[in-house]
Amino acid sequence: MGGGRRSKTAVKGMLAADQAPGESDCSVSEVKTSSSSSPAREREERSGDGGDYGVEAAIRRLEELRIEGDGPVLSGEQISSNVQRQEDEMLALEAIYGDSVQTFDRKEGLRLFQIHVHYEVPDCYPVSAKLYSSDRTATRLKGKGEAIKGGSEISDGLVYAFRVQHLPPIILTCLLPLSYPSHHSPYFTVYSQWLDSLKISSICQKLDAIWTAQTGQEIIYHWLEWLKDSSLSHLGLENEITLSVSDVSDARDVRAISGSISMEHVIPSMISYNNEKCHEAFLNNLQLCVICFNEYAGFDFVRLPCQHFFCIKCMETYSSMHVKEGTVTKLLCPDTKCGEQVPPSFLKRLLGGEAYKLWESLILQKTLDSMSDVVYCPRCETACLEDEEHHAQCSKCFFSFCSLCRDRRHVGLACMTPEMKLRILQGRQNSSNVTGNQRQKELEIINEILSVKEALCDAKQCPSCKMAISKTGGCNKMVCQNCGKYFCYNCCKVIDGYEHFKGGCQLFSVDEILAWEEHINPRQVIGQMQAQLLPNNTHLCPNCGQTNAKVGNNNHLFCWACQKHHCALCRKIVRRTSEHFGPKGCKQHTPNS
């Protein structure tokens, strides 16, 4: 039977055979390889939505396959037995496969249901597709670097290869006649989003063979287990899948329904399905946060675009800390090897309303400060753009000023130095012509000039944003906390990396090197002094050859240079004190010779 199309004459003949006492026709009738649907109808059906096609098209095919007429003439006892066996089988299938089983309204009293068969494939399962230069997919997918993991040019086209952890399921739709399971197999269709029609036809034929081998028994469970465990190996796809497009003109089984109409549709849908399933698995399993080292469900995690993930509590604390401290330019992925920025959409959820507004204002301020041609109006502190002659005009109060001295615009005149301005303003403080408000404003300017002068005594200005930065120690490669630029503290030039210090500027000053050596190895000074004070009790280190003095009676010496333990008697490296010194080894304490 197998669910193939039959003419009315063939149906009547089978019904007659059903009525014959002691006999039953359990053979699988031949299924036509061509559909009554025209190629135009095939293309129209298959160009529709994949999810709807898996249901609606399957029902249409089953209607074509369904036995027409009044149905097999069975005794009431046979019908009752088949109905009970069908009900028991459905209960078992729903218990085993759960949500994968979807039951529809009965069709003229016959059971209609659909089961999604999910494959269990190894991680990083390889999938490849051959695209030709004339195929629109090749052009469209070239820009999808996030979806296509690899691609190689070949002589007659392009091969795209990617890997998945989850494959879209095969969908088995069944219509159970009243003569199942005693006489006939279920009428069925097989739908796949990514297999071509010829491969699905091969699956249909295998399901027919399974029914033939187990005629008269409940067969759907055996079909499902074979589809899940053996169908890929049956098609030769157990190690790798090579996608191909179905050709509706090919002769095929009418029960085979393929969604593989073009690579432009198949590849993105497979990748999308895989991403959805991976995300679902991530949410439903316990994950380890590498910040707090606690395990939580995936729902309590934030996965950044760089694919690193951290628990929500840690990310909220991390984000709030940077906003409160004003270090918004350092709000990057917490993974030390990543450095990708946390997107604003994530920060909006992590920070909340007020903190997010503060982040926006800080990031705007940092961006403006990092722009070399942005200055601030000395009157209203509005951001302005300066021209090549260091002149700017405020768009708010329309004040034209010099961006160097922050005074009125003075075309053709040199800027007044801070020292000159300071002397003039200090002299005006005692003038009777200056009003109280004007005197207070000028006093604030004086204090500002003095503060900048004092700050610049021990600091240098960032070449990018002019922020005063003081070096308290370390190397001459500095990073501005305001704009994030790196610069050399010697020459105040913007740099990138350490290539700059291979030329004229030194990475460390001589004083820094000496101070570092003295701080990092204080044992060196002590060790050298002991060697000079006790020249008759010195021993060479067997590892590095440096001179070490034996102080007191202890033969267990510690080299100040290589920090290796060694014995003053046998002059060998001491790895374990309890093994080297003892009754069977060297004596740890002996008087000096």
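One numbering rule holds for all chains: residues counted from 1, following each sequence as written. In keeping with the model being predicted, local features are shown solely for residues with a pLDDT of at least 70 and side-chain atom pairs are shown and tallied solely at 80 or more, while totals for entire chains, interfaces and linings include all residues. Note that water and hydrogens are dropped before the side-chain values are worked out from all heavy atoms of the structure.

Remarks on the packing of helix α6 (residues 197-213) against helix α7 (residues 220-229)
The geometry of a pair of packed helices is captured by two quantities: the angle between their axes and the separation between those axes. Which entries qualify depends on this criterion: Angular values range over 0 to 180 degrees, each being the angle between N-to-C directions of two axes fitted as lines to C-alpha atoms, with helices fitted over their stretch in contact. Only runs of H or I of at least four residues qualify as helices and only runs of E of at least two qualify as strands under DSSP, and these elements are numbered from the N terminus. Under this scheme an angle from 65 to 115 degrees is roughly perpendicular, one under 35 degrees roughly parallel, and one over 145 degrees roughly antiparallel; angles in between are oblique. We call a crossing left-handed when the near helix sits turned anticlockwise from the far one by less than a right angle, and right-handed when that turn is clockwise. Residue contacts are counted whenever heavy atoms from the two residues lie within 4.5 Å of one another.
Across the interface, α6 lies against α7 with an axial gap of 10 Å and an inter-helix angle of 140°. With respect to their mutual orientation, α6 and α7 come out oblique. Crossing geometry of α6 relative to α7 is assigned as right-handed. Together, Ile203, Lys206, Leu207, Ile210 and Trp211 of α6 and His222, Trp223, Trp226 and Leu227 of α7 make up the contact between the two elements.

Observations concerning the pairing of strand β2 (residues 110-117)
Threshold: Relative accessibility decides the category of a residue: with a 1.4 Å probe and only protein chains considered, values under 20% of the type maximum give buried, values over 50% give exposed, and everything between is partly exposed. When DSSP finds two or more bridges between two strands, those strands count as paired.
The buried fraction of β2 amounts to seven of the eight residues, a majority that puts the element mostly inside the structure. Strand direction decides the pairing type here: strand β1 (residues 101-107) and β2, joined by five bridges, are antiparallel. Paired with valine 101 across the bridge in β2 is isoleucine 115. Counted between consecutive antiparallel strands, the loop separating β1 from β2 contains two residues, among which glutamate 108 sits at a positive phi close to 55°. By the bridge criterion, seven bridges tie β2 to strand β6 (residues 170-176) in an arrangement that is antiparallel. Looking across to β6, one finds that histidine 116 is bridged to isoleucine 171.

Quick notes on the environment of threonine 327
In this fold, threonine 327 is placed in the loop between α10 (312-325) and α11 (344-351). On a C-alpha basis, the gap between threonine 327 and asparagine 482 in space is 7.9 Å, while along the polypeptide they are 155 residues apart.

Digging into the pairing of strand β3 (residues 125-131)
Extensive coverage of β3 is indicated by the burial of six of its seven residues. Relative to strand β8 (residues 241-243), β3 runs parallel, the two sharing three bridges. Looking at β8, one finds that alanine 129 is bridged to leucine 243.

With respect to a nonpolar patch on the surface
Formally: Note that patches include only residues with greater than 30% relative accessible area and no salt bridge, and the join distances are 9 Å for like charges and 5 Å for nonpolar side chains (Val, Leu, Ile, Met, Phe, Trp, Tyr). Only the protein chains shown count as cover for residues, with accessible areas throughout obtained via the Shrake-Rupley method and a probe of 1.4 Å. Salt-bridge detection follows one rule: a side-chain nitrogen of Lys or Arg within 4 Å of a carboxyl oxygen of Asp or Glu.
Residues Leu288, Val290, Ile291 and Phe293 make up a contiguous nonpolar surface patch of about 380 Å² in total accessible area. Here valine 290 is to be found in the loop between β10 (286-288) and β11 (295-297). Judged by its relative accessible area of 48%, valine 290 falls in the partly exposed class.

Observations concerning the nonpolar core
Inclusion rule: Throughout, nonpolar core names a set of buried Ala, Val, Leu, Ile, Met, Phe, Trp, Tyr and Cys residues whose side chains join them through atoms within 4.5 Å.
Core analysis: the biggest nonpolar cluster contains 50 residues, and Leu167, Trp194, Leu207 and Leu243 have the highest contact counts within it. The element that contributes the greatest number of residues to this core is α6, accounting for six residues. When near neighbours in sequence (up to four residues on either side) are disregarded, leucine 243 contacts Val127, Ser128, Ala129, Trp194, Met263, Val266, Ile267 and Met270. With 22 residues, the next largest nonpolar core counts Phe282, Met315, Val323 and Leu351 among its residues.

As for the pattern of salt bridges
Under the criterion given, the structure shown has eight salt bridges. For the salt bridge of arginine 85 with glutamate 218, the shortest nitrogen-to-oxygen distance reads 3.0 Å. Taken together, the residues arginine 85 in helix α4 (residues 76-97) and glutamate 218 in the loop between α6 and α7 connect sequence positions 133 residues apart. Judged by its relative accessible area of 25%, arginine 85 falls in the partly exposed class. A residue is classified by how much of its surface remains accessible, and glutamate 218, at 28% relative accessible area, is partly exposed. When the shortest N-O distance is used, the salt bridge between aspartate 208 and arginine 255 registers 2.7 Å. Placement of aspartate 208 in helix α6 and of arginine 255 in the loop between β8 and β9 (256-258) is noted, with a sequence separation of 47 residues between them. Since its relative accessible area comes to 9%, aspartate 208 is described here as buried.

Describing the packing of aromatic side chains
What counts, and what does not: For this analysis, a ring pair means two rings from Phe, Tyr or Trp (six-membered ring only for Trp) whose centres lie within 6.5 Å, classed as stacked if their planes differ by under 30 degrees, edge-to-face if by over 60, and tilted for the remaining angles.
For the structure shown, the criterion picks out eleven aromatic pairs. On the numbers, 6.5 Å between centres and 45° between planes, the contact of tyrosine 97 with tyrosine 221 is tilted. Of this pair, tyrosine 97 sits in helix α4 while tyrosine 221 is found in helix α7, placing the two residues 124 residues apart along the sequence. Using a relative accessible area of 16% as the deciding quantity, one classes tyrosine 97 as buried. For tyrosine 221, a relative accessible area of 37% corresponds to the partly exposed category.

Comments concerning the sheet that holds strand β7 (residues 187-192)
The five strands lie next to each other as β1-β2-β6-β7-β9, forming an open sheet whose pairing is mixed. Each edge of the open sheet is held by one strand with a lone partner, namely β1 and β9. Mean inter-strand twist for the sheet, computed between neighbouring axes without regard to direction, equals 20°. Those strands touched by α4 are β1, β2 and β6, and its axis lies near 25° from that of β2. Sitting on the sheet, α6 is in contact with β6, β7 and β9, with an inclination near 145° to β7.

Quick word on unusual backbone geometry
The amide bond that connects tyrosine 180 to the next residue, proline 181, takes the cis arrangement and shows omega of 5°. Relative to the assigned elements, proline 181 resides in the loop between β6 and β7. We note that glutamate 381 has phi near 60°; this positive angle belongs to a residue other than glycine. Tracing the sequence through the fold places glutamate 381 in the loop between β14 (374-376) and β15 (383-385). Despite not being glycine, arginine 571 shows a phi value in the positive range, around 55°. Relative to the helices and strands, arginine 571 resides in the loop between β25 (565-567) and α17 (577-580). With a relative accessible area of 46%, arginine 571 lands in the partly exposed category.

Side note on the environment of phenylalanine 401
Looking at where phenylalanine 401 falls in the secondary structure, it is placed in strand β17 (residues 400-402). For phenylalanine 401, a relative accessible area of 0% corresponds to the buried category. Sequence separation of phenylalanine 401 and cysteine 377 is 24 residues, and the distance between their C-alpha atoms is 7.7 Å. Sequence-distant contacts of phenylalanine 401, that is, excluding residues within four places in its chain, are made with Val375, Tyr376, Cys377, Pro378, Cys384, His390, His391, Ala392, Cys394, Asp407, Arg408 and Arg409.

Structural notes on the confidence of the model for the chain
Low pLDDT means the predicted coordinates in that region are not meant to be read closely. The following threshold applies: Values of pLDDT, ranging from 0 to 100, describe the predictor's confidence in every residue of the model.
Overall, the prediction assigns the chain a mean pLDDT of 79, with 82% of residues at 70 or greater. Every residue in residues 1-53 is under pLDDT 50, and counting partners more than four places away or in other chains gives 103 contacts. Counting interchain partners and residues more than four positions distant, the pLDDT-below-50 stretch residues 142-155 has 24 contacts.

Focus: the packing of α10 against α11
So the rule is basically this: Residue type decides the class: Asp, Glu, Lys and Arg count as charged, Ala, Val, Leu, Ile, Met, Phe, Trp, Tyr, Cys and Pro as nonpolar, and the leftover types, Gly among them, as polar.
Two elements in contact, α10 and α11, have axes whose closest approach is 9 Å; the angle formed by their N-to-C orientations is 95°. Taken together, the axes of α10 and α11 are roughly perpendicular relative to one another. Of α11, the residues touching α10 (which contributes Ile312, Met315, Glu316, Ser319, Ser320 and Val323) are Leu347, Leu350 and Leu351. Residue composition of the contact of α10 with α11, grouped by class: six nonpolar, two polar and one charged.

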